[in-house]
Amino acid sequence: MEMVHVLDHPLLQHKLSILRDETTGVKDFREIVCEIATLMCYDATRNLPLQAVEVQTPVAKAVTYQLAGKKLAIVPVLRAGLGMVEGILTLIPSAKVGHIGLFRDPDTLEPVKYYCKMPTDIADRDVIILDPMLATGGSASAAISFVKEYGVKNIKLMNILAAPEGIARVRKDHPDVEIYVAAVDDQLNDHGYIVPGLGDAGDRIFGTK
Ligand code: URA
């Protein structure tokens, strides 16, 4: 099974170009992150299982299909992942939302969890972890490990932009996790920014730059 999905739909590429542009302001940036999350959600949920149901249309009985099986939860990684939440809930309004806050320990450079609140039934749900940027992969890998600690079996990772280093790290640490990205950029720079990237996604979503 293909585990890394680069969703290069023309609409995604167009919207990503606007995000990359340094002149894009906070309002547009925030809205487009949300729209991209919606478009990516469409693809990331492509394999959800269906069950046949019978409904009475105004004309006749019809056998039709509805979602079956496990319910979904989304888990944004604070803070930039919050920008993707509404975009997913547009398509899956009944999804529950957990949150993980991570910071990088300045000495060990390892991600440390400072906040974590999950739906009580998260073990029974499929989970999509949200973070617009997959840079070194350290935070994403830690977030996946934390979600696995709750007993979640099926986890997907959704990022708007990824560096090859981040994809390699998550693939190595969590080969069972499917990764959905809109683009894979060239590399990381010495400050851990994706190049060419789009800058600091959190700052641009929340206008804190
Ligand atoms: N996080 C960001 O917001 N931007 C990057 O380029 C890398 C990590």
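Residues numbered from 1 in each chain as written. Predicted model: local features only at pLDDT ≥ 70, side-chain atom pairs only at ≥ 80, totals over all residues. Heavy atoms only, no water.

- Taking an unreviewed UniProt entry as the reference, the chain is identified by name as Uracil phosphoribosyltransferase belonging to Evtepia gabavorous.
- On record in UniProt, under Catalytic activity (unreviewed entry), the comment for the chain is "UMP + diphosphate = 5-phospho-alpha-D-ribose 1-diphosphate + uracil".
- Taken directly from UniProt, the Sequence similarities (unreviewed entry) text for the chain runs: "Belongs to the UPRTase family." (UniProt positions renumbered as here; feature names shortened; annotations may be inferred.)

### Here's the deal with the pattern of salt bridges
Right, so step 1: Applying the stated criterion to the full structure yields ten salt bridges.
Right, so step 2: Here E31 ties to K27 by a salt bridge, and the two come within 3.2 Å at their closest N and O atoms. Note that E31 and K27 are positioned in helix α2 (residues 26-44) at a spacing of four residues, about one turn of the helix.
Right, so step 3: Judged by relative accessible area, K27 falls into the exposed class, the value being 52%.
Right, so step 4: The partner of K96 in a salt bridge is D121, with the nearest N and O atoms 3.4 Å apart. (Salt bridge = Lys/Arg side-chain N within 4 Å of Asp/Glu carboxyl O. Helix = DSSP H or I, 4+ residues; strand = E, 2+ residues; numbered from the N terminus. Buried < 20%, exposed > 50% of the residue type's maximum accessible area, 1.4 Å probe, protein only.)

### As for the state of the cysteines
Right, so step 1: Evaluation of the coordinates by the stated rule reveals zero disulfides.
Right, so step 2: For C34, which is in no disulfide, the shortest distance to another cysteine sulfur is to C41 and amounts to 11 Å.
Right, so step 3: For C41, a relative accessible area of 1% gives the class buried. (Disulfide = S-S within 2.5 Å.)

### Focus: the UniProt feature "binding site: 5-phospho-alpha-D-ribose 1-diphosphate" (unreviewed entry) in the chain
Right, so step 1: Per the UniProt entry, the sites bearing "binding site: 5-phospho-alpha-D-ribose 1-diphosphate" (unreviewed entry) are R79, R104, D131, P132, M133, L134, A135, T136, G137, G138, S139 and D200 in this numbering. For the largest pocket, the lining residues drawn from the annotated set are R79, R104, D131, M133, L134, A135, T136, G137, G138, S139 and D200.
Right, so step 2: With respect to the secondary-structure elements, R104 resides in strand β6 (residues 99-104).
Right, so step 3: What R104 contacts, discounting residues up to four positions off in sequence, is L109, E110, P111 and T136.
Right, so step 4: A polar side-chain atom of T136 sits 3.1 Å from the main-chain amide nitrogen of G138. (1 Å grid on protein atoms, 1.4 Å probe; cavity = no way out; pocket = protein on both sides within 12 Å on 5 of 7 lines; lining within 4 Å. Contact = heavy atoms within 4.5 Å. Polar contact = N/O pair within 3.5 Å; in protein donor to acceptor, adjacent residues only side chain to side chain.)

### What about the layout of surface pockets?
Right, so step 1: The calculated volume of the largest pocket comes to roughly 740 Å³.
Right, so step 2: What lines the largest pocket is a set of 29 residues, and nearest its centre among them are R104, D131, M133, A135 and S139.
Right, so step 3: Of all the elements in the fold, those that place two or more residues in the lining of the largest pocket are β4 (71-78), β6, β9 (133-134), α4 (138-149) and α6 (201-206).
Right, so step 4: Split into classes, the residues belonging to the lining of the largest pocket amount to 14 nonpolar, nine polar and six charged.
Right, so step 5: In this structure, the second largest pocket encloses a volume near 360 Å³.
Right, so step 6: Of the residues assigned to the lining of the second largest pocket, the class counts are nine nonpolar, three polar and four charged. (Points joined across faces, edges and corners; volume = space filled by probe spheres on them. Nonpolar A, V, L, I, M, F, W, Y, C, P; charged D, E, K, R; others polar.)

### Quick word on the UniProt feature "binding site: uracil" (unreviewed entry) in the chain
Right, so step 1: As annotated by UniProt and renumbered to match this structure, "binding site: uracil" (unreviewed entry) occupies I194, G199, D200 and A201. When the annotated set is filtered for residues lining the largest pocket, what remains is I194, G199, D200 and A201.
Right, so step 2: Locating D200 in the fold gives a position in the loop between β13 (194-195) and α6.
Right, so step 3: The contacts of D200, once residues within four sequence positions are left out, are R79 and Y193.
Right, so step 4: At a separation of 2.9 Å, a polar atom in the side chain of D200 contacts the main-chain amide nitrogen of D203.
Right, so step 5: Along the polypeptide, A201 turns up in helix α6.
Right, so step 6: Sequence-distant contacts of A201, that is, excluding residues within four places in its chain, are made with F29, A80, P132 and M133.

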